[in-house]
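# Architecture at a glance
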Amino acid sequence: MTDRARMRLLVAAVSIGLLQLLLQLHRPQHSLHQHHDDSPSPAAGAAAAAAAAADAYAAAAGPSSAPLVDVWILAGQSNMVGWNKADGQPMPQLCAPWPGEILAFNSTGEWVDAVPNVHTGIYDYPDQDSCGPDMAFARTLIQMGAARKVGLVPTAMGGTNLFQHWAPGGQLWSNMVGRTQAGMHQMAGRGRLRGMLWIQGEADGAGSMQQAFDYGSNFTAWLAATRSALSALHPQLPVLMVIMATRQRSIAFPHIDIVAAQQRALQLPGLFKLEMTGFEFYPMDVGLPGGEAELVHLTKAGCAALGVAMGYLVASKDGLQCSS
Ligand SMILES: *[C@@H]1O[C@H](CO)[C@@H](O)[C@H](O)[C@H]1NC(C)=O
Ligand SMILES: *[C@@H]1O[C@H](CO)[C@@H](O)[C@H](O)[C@H]1NC(C)=O
């Protein structure tokens, strides 16, 4: 890592710490959404970037229209889902539901108030007692004034690779596209597709070295196919990609460093990136003879902090508007 990258990481970490503090101080009551208009959040006041994002939003929504729901696709593998029942932590406040403000498109195709875990029922995912970055992401967007309401379309599945499982036209990809289209259709003009959160890559670091080296070209083709399939809903779907952490993960995912390097090197319009390094993982026994534990999954606190960071990034970039 270069000094500049290190400095950026430090600045991001400090910003996230400050934001978390603000969010802690500003715990929303469930009735807050009824007074959202006349009770400005301290977090929004603290960040000039958030104000700019809110202006951009207001301009896009038009002065007279009812608040739109900003819809985000959740795709990738287990750290997008949130796989942290076993971390021994309580559910963070940042993962708490916010009825009427944070919505999720459930497994049987209805918009409901989002509750952790939003992936419950998707691919038979059973676990209620864990949380992905999604809830904190949505909460941050709203509290920073970058969105009025947020709708989440969960489509991730643990252990899946980009190389094969997420191939355009395949089951995971088709389900992701289909659920997004169905969710937007049900919004009946009350929603607008804003982008995708993509947390994926471990599985491409667990196969052959060639598969890991193919990550960049595979993702480039994948993004083109995805944008083409969703072009009626967004002219150039923005994607926020989380770059794989590599520390203490090389036994479970021997080529994860190659995948991370591929992700870091990708330069595509409308592709935004955030490093996963530095967020909290919990040690997991991966069945090694020596019993060494690997850092496979983020904790609930780690997911919540990552979600805040993702929300902060989106808000600071005017909702990831793509100009090109
Ligand atoms: C999805 O939401 C609808 C409407 O609230 C509900 O009837 C349905 O049971 C939900 N599906 C699941 C799997 O919970
Ligand atoms: C990934 O790249 C490899 C080699 O270039 C190719 O065989 C494979 O079909 C690609 N997969 C996807 C999903 O594009």
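Residues numbered from 1 in each chain as written. Chains lettered and ligands numbered in written order. Predicted model: local features only at pLDDT ≥ 70, side-chain atom pairs only at ≥ 80, totals over all residues. Heavy atoms only, no water.

As recorded in an unreviewed UniProt entry, the chain goes by the name Sialate O-acetylesterase domain-containing protein, listed as coming from Tetradesmus obliquus.

## Section: the site of ligand 2
In the vicinity of ligand 2, the contacting residues are Leu-162, Phe-163, Ala-167, Asp-214 and Asn-218. Contact distances for ligand 2 include 2.9 Å between a nitrogen atom and a backbone N or O atom of Phe-163. Contacts to ligand 2 include Asn-218, whose side-chain N or O atom sits 2.3 Å from an oxygen atom. Protein contact buries 56% of the 360 Å² of open area that ligand 2 shows by itself. Among the residues forming the shell around ligand 2, the class breakdown is three nonpolar, one polar and one charged. (Near = heavy atom within 4 Å. Polar contact = N/O pair within 3.5 Å; in protein donor to acceptor, adjacent residues only side chain to side chain. Areas by Shrake-Rupley, 256 points an atom, 1.4 Å probe, with all protein chains shown as cover. Nonpolar A, V, L, I, M, F, W, Y, C, P; charged D, E, K, R; others polar.)

## Observations concerning the sheet that holds strand E6 (residues 239–243)
One open sheet holds the seven strands; their spatial order is E3-E2-E4-E1-E5-E6-E7, and the pairing between them is mixed. With one partner strand each, in any of the chains shown, strand E3 (111–113) and strand E7 (271–275) form the two edges of the open sheet. Mean inter-strand twist for the sheet, computed between neighbouring axes without regard to direction, equals 25°. When strand E1 (residues 69–76) meets strand E5 (residues 191–199), the two strands line up parallel, connected through eight bridges. For Ala-75, the partnering residue across the bridge sits in E5 and is Trp-198. Along the sheet, helix H8 (residues 215–229) contacts E5, E6 and E7; its crossing angle with E5, the most-contacted strand, is approximately 165°. (Pairing = 2+ DSSP bridges. Helix = DSSP H or I, 4+ residues; strand = E, 2+ residues; numbered from the N terminus. Axes fitted to C-alpha atoms, helices over the stretch in contact; angles between N-to-C directions. Contact = heavy atoms within 4.5 Å.)

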